[in-house]
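Listed here are the chains, written in short residue letters.
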Amino acid sequence: MFASESAGIKVEPGHPLYRGLSRGFNPRWAAEPDYIRIVSSAEETRGALQAALRERADPGRDRITVRSGGHAYEDFVCAPDVRVIIDVAPMNRIHHDPAMDAVCIESGATNGDIDRDLVKGLGLLLPGGSCPTVGAGGHITGGGFGLFSRQHGLTVDYLYAVEVAVVDARRNVELVTARRDDGDDGLRELWWAHTGGGGGNFGIVTKYWFRDLPPAPRHILRAEAGWPWAHMDESAFREIVHNFGTFFRDHQEPGDPLAGMFGILLLTHSSSKQVGLITQIDAGLPDAEDALREFTGRIDTPSHVDLTDLEEPHGDHPLLVGSREPQSVPWTVVPRIAGLWTNNDKAGKYKSAYLREPMPDDQVGAAWRRLSARPDVPREAVVQVDSYGSAINRPPYDTAVAQRDSVLKLQHQVYWPECGSGEPHLAWIRALYSEMYAGTGGVPVPGTATDGCYVNYPDVDLGDPEWNTSGTSWAELYYKEHYPRLQQVKTQWDPGDVFRHAQSIRPLV
Ligand SMILES: Cc1cc2nc3c(=O)[nH]c(=O)nc-3n(C[C@H](O)[C@H](O)[C@H](O)COP(=O)(O)OP(=O)(O)OC[C@H]3O[C@@H](n4cnc5c(N)ncnc54)[C@H](O)[C@@H]3O)c2cc1C
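Note that this is a predicted model, so its numbers are computed, not measured. (Residues numbered from 1 in each chain as written. Predicted model: local features only at pLDDT ≥ 70, side-chain atom pairs only at ≥ 80, totals over all residues. Heavy atoms only, no water.)

What to know about the overall build of the protein chain
Then comes step 1: Counting its secondary structure elements, the protein chain contains 12 helices and 18 strands.
Then comes step 2: Taking 509 residues into account, the globule formula puts the C-alpha radius of gyration at 23 Å, and the protein chain, at 22 Å, falls close to it.
Then comes step 3: Along the longest, intermediate and shortest principal axes, the C-alpha atoms of the protein chain span 65 × 50 × 45 Å.
Then comes step 4: Counting only residues that meet the buried cut, the protein chain has 61% of its 509 residues in that class.
Then comes step 5: Taking the contacts inside the protein chain whose residues are at least 6 apart along the sequence as the reference set, 72% of them involve residues at least 24 apart.
Then comes step 6: Surface accessibility of the protein chain: about 18,900 Å² in total, with carbon and sulfur atoms responsible for 50%.
Then comes step 7: For the protein chain, the distance from the average site of its 49 positive side-chain charges to the average site of its 69 negative ones is 4 Å. (Helix = DSSP H or I, 4+ residues; strand = E, 2+ residues; numbered from the N terminus. Rg over C-alpha atoms; globule rule 2.2 N^0.38 Å. Buried < 20%, exposed > 50% of the residue type's maximum accessible area, 1.4 Å probe, protein only. Contact = heavy atoms within 4.5 Å. Areas by Shrake-Rupley, 256 points an atom, 1.4 Å probe, with all protein chains shown as cover. Lys, Arg positive; Asp, Glu negative; His and termini not counted. Charge placed at Lys NZ, Arg CZ, Asp CG, Glu CD.)

Right, here's the structure in full:
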């Protein structure tokens, strides 16, 4: 039941770890697999995958899935049709690899591991997400974005190579290394597909290598503020959203002292205390504190709604400083605050949108109507507006991330207690999203104002004709013109479609 083999540790039904390992971070997602394999090395990964492929499978329940941090928003890893889960979490070493002249990050490392070990051991930064429990396996392949991305770009902008366990047409498993400058076209394309193609598509990533990572900041300056809902009205709400969007549109050029500033506008539901504003900047940037104060001053113009300290966390963001005044925080302590992240006892539903310009009036109006309406049941909901652009829009290489001229990225979120069905919450977020993008068939179709959706915030409703009447498929919303190229890579490297889920890249027939 629990024997260590060259294919890793096998956890079967009945073992105390089985139930916990059969569900996602999001408690909506659960599986009843034959077993979970916990692997600690690339060779064990290869062995585990080969063993799973040789077993007889029930056709209705034959999916083999891979998990790193377990933070998938949809049931891509844990679902009733999953037979085997390969869990790479123990494979989390981070070191400089002289042979590759690059930093090696194994795919089971979490953002917390990466931030801590890169700073401690190497004094470097990977500009990815801030949630310390998100795993590199899914996060990096989807593009990887966070509070340093306007200053330094996306994680994949530094990806030099990737090691992947792939399955050929005869169901044999091989470990391959694909480099950015590979002489072999197929391998170079496999590398490219891992610069934004999304997890669970081509094979099992075991290692990533990064070159030219930026130095880690010594300190960050952070401010967390909020406008009380009690005094909020539609004109103030519109003004705040407008100010936020125009600021980030107008400060992107290299050399602009505000180009490295990151902001998060938390358009919460009115059952919360405040609409929130989180701002962060590398304290080592010239005049960082002045820049942060200038930003807050420009956003905070509604005269009748006072900006005060932020009082409660929203969505995925715990309170770090809870102060509207900029606070200096040593970067080394930030990765150690994993305990503050409390969201894994709640079920959640997420949607996303890229914006090429400040949020259009009709979308702000729809958000206002849905967020200000008094609900029958308390709603923990937020439209999180993240700043985008700046260094992200100047990628050094050709990557699979298709959105490279947006200025904002939105994440629509709603949460409910693990034990609840979530039906009213799902209905609420679907209505909000449909209304915000009513002009383009209920989804943010690539066009003048919107530019599709983020593959790391997947949403199966994008593939449902009830919620997407645009004629633009989920694949085009995530990948735009890159989708056919990703399909070519899929056809070469996973011809049997072993790695699949509701929104995986389809091989060409
Ligand atoms: C609380 C929270 C905060 C977040 N914050 C951010 C953020 O700041 N920035 C951001 O960009 N995103 C963020 N995300 C989204 C996150 O990047 C994605 O959910 C990501 O896919 C999670 O990766 P994972 O390895 O933790 O999840 P998993 O559930 O393990 O995997 C997600 C997908 O990747 C696949 N996968 C996992 N490991 C591998 C592997 N080794 N090889 C191949 N495929 C693999 C899985 O099969 C699945 O399809 C956040 C998510 C949550 C829940």
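Points about the site of the ligand
Then comes step 1: Taken together, 31 residues lie around the ligand, and Val-66, Ser-68, Gly-135, Phe-145 and Tyr-454 are the ones closest in.
Then comes step 2: One of the backbone nitrogen or oxygen atoms of Ala-72 is found 2.9 Å away from an oxygen atom of the ligand.
Then comes step 3: Contact between the ligand and Asn-456: an oxygen atom at 3.4 Å from a side-chain N or O atom of the residue.
Then comes step 4: Relative to its unbound accessible area of 950 Å², the ligand is 95% covered by the protein chains.
Then comes step 5: Counting only elements with at least two residues in the shell around the ligand, the list comes to strand 4 (63-67), helix 4 (136-139) and strand 10 (204-210).
Then comes step 6: A per-element tally of the shell around the ligand places helix 4 first, with three residues.
Then comes step 7: Taken together, the residues of the shell around the ligand break down into 13 nonpolar, 16 polar and two charged. (Near = heavy atom within 4 Å. Polar contact = N/O pair within 3.5 Å; in protein donor to acceptor, adjacent residues only side chain to side chain. Nonpolar A, V, L, I, M, F, W, Y, C, P; charged D, E, K, R; others polar.)

Thoughts on the environment of Tyr-437
Then comes step 1: With respect to the helices, strands and loops of the structure, Tyr-437 is situated in the loop between helix 10 (423-436) and helix 11 (474-479).
Then comes step 2: The class for Tyr-437 is buried, based on a relative accessible area of 1%.
Then comes step 3: Measuring from C-alpha to C-alpha, the distance between Tyr-437 and Ala-366 comes to 8.7 Å, with 71 residues separating the pair along the chain.
Then comes step 4: Non-local contacts of Tyr-437, meaning those with residues more than four positions away in its chain, are made with Ala-353, Gln-363, Leu-410, His-412, Gly-442, Val-443, Pro-444 and Thr-450.

Let's talk about the packing of helix 6 (residues 185-193) against helix 12 (residues 483-493)
Then comes step 1: Taken N-terminus to C-terminus, the directions of helix 6 and helix 12 make an angle of 120°; their axes are 10 Å apart at the nearest point. When the axis of helix 6 is compared with that of helix 12, the two are oblique. Between helix 6 and helix 12 lies a crossing whose hand is left-handed. Contacts between helix 6 and helix 12 pair Gly-186, Leu-187, Glu-189, Leu-190, Trp-192 and Ala-193 from the former with Arg-485, Leu-486, Val-489, Gln-492 and Trp-493 from the latter. (Axes fitted to C-alpha atoms, helices over the stretch in contact; angles between N-to-C directions. Parallel < 35°, antiparallel > 145°, perpendicular 65-115°, else oblique. Left-handed = near helix turned anticlockwise from the far one by under 90°.)

Notes on the packing of aromatic side chains
Then comes step 1: Evaluation of the coordinates by the stated rule reveals 24 aromatic pairs.
Then comes step 2: Ring geometry for Phe-247 and Phe-295: centres 4.8 Å apart, planes at 75°, overall edge-to-face. With Phe-247 in helix 7 (residues 234-250) and Phe-295 in helix 8 (residues 288-299), this residue pair connects regions lying 48 residues apart in the sequence. Neither residue differs from the other here; Phe-247 and Phe-295 are each classed as buried.
Then comes step 3: Among the aromatic residues, those joined into a cluster by ring pairs are Tyr-73, Phe-145, Phe-262, Tyr-350, Tyr-354, Tyr-388, Tyr-415, Tyr-454 and Tyr-457.
Then comes step 4: Positioned over the ring face of Tyr-433 is Lys-351, at 4.9 Å from the centre of the ring. (Phe/Tyr/Trp six-rings, centres within 6.5 Å; stacked < 30°, edge-to-face > 60°. Lys NZ or Arg CZ within 6 Å of the ring centre and 35° of its normal.)

Remarks on the domain arrangement of the protein chain
Then comes step 1: By the assigned domains, the protein chain splits into domain 1 (4-87), domain 2 (94-215) and domain 3 (219-479).
Then comes step 2: Taken over C-alpha atoms, the centre of domain 1 sits 33 Å from the centre of domain 3.
Then comes step 3: With eight residues of domain 1 at the interface, the matching set in domain 3 holds 17 residues.
Then comes step 4: Summing both partners gives a buried area of about 1,100 Å² for domain 1 against domain 3, and 60% of it is carried by carbon and sulfur.
Then comes step 5: The three residues of domain 1 that bury the most area against domain 3 are Arg-28, Tyr-73 and Glu-74, which together make up 57% of that side's buried surface.
Then comes step 6: Our enumeration of links across domain 1 and domain 3 arrives at two salt bridges. (Domains from an automatic or database assignment. Buried area = accessible area lost by both parts, 1.4 Å probe. Salt bridge = Lys/Arg side-chain N within 4 Å of Asp/Glu carboxyl O.)

Examining the pattern of salt bridges
Then comes step 1: The final tally for this structure, using the stated rule, is 35 salt bridges.
Then comes step 2: For Arg-238, the salt bridge identified is with Glu-234, shortest N-O distance 3.1 Å. Of the two residues, Arg-238 and Glu-234 both sit in helix 7, four residues apart, roughly one turn of that helix.
Then comes step 3: The class of Arg-238 is partly exposed, set by a relative accessible area of 27%.
Then comes step 4: Given a relative accessible area of 32%, Glu-234 falls into the partly exposed group.
Then comes step 5: Note that Arg-293 and Glu-289 form a salt bridge whose closest N and O atoms lie 2.8 Å from each other. Placement of the pair is Arg-293 and Glu-289 together in helix 8, with a separation of four residues, close to one helical turn.
Then comes step 6: On the basis of relative accessible area, Glu-289 is assigned to the partly exposed category, the value being 35%.
Then comes step 7: Linked by salt bridges that have partners in common, Glu-74, Lys-349, Lys-351, Arg-430, Asp-459 and Asp-461 make up one network.

Considering empty space enclosed by the protein
Then comes step 1: Scanning the model with the defined rule gives three cavities of 30 Å³ or more in all.
Then comes step 2: Its volume calculated, the second largest cavity comes out at about 90 Å³.
Then comes step 3: As for the second largest cavity, its lining consists of 17 residues, and the residues nearest its centre are Gly-142, Tyr-354, Val-401, Gln-403 and Tyr-454.
Then comes step 4: In terms of residue class, the lining of the second largest cavity is made up of 11 nonpolar, five polar and one charged. (1 Å grid on protein atoms, 1.4 Å probe; cavity = no way out; pocket = protein on both sides within 12 Å on 5 of 7 lines; lining within 4 Å. Points joined across faces, edges and corners; volume = space filled by probe spheres on them.)

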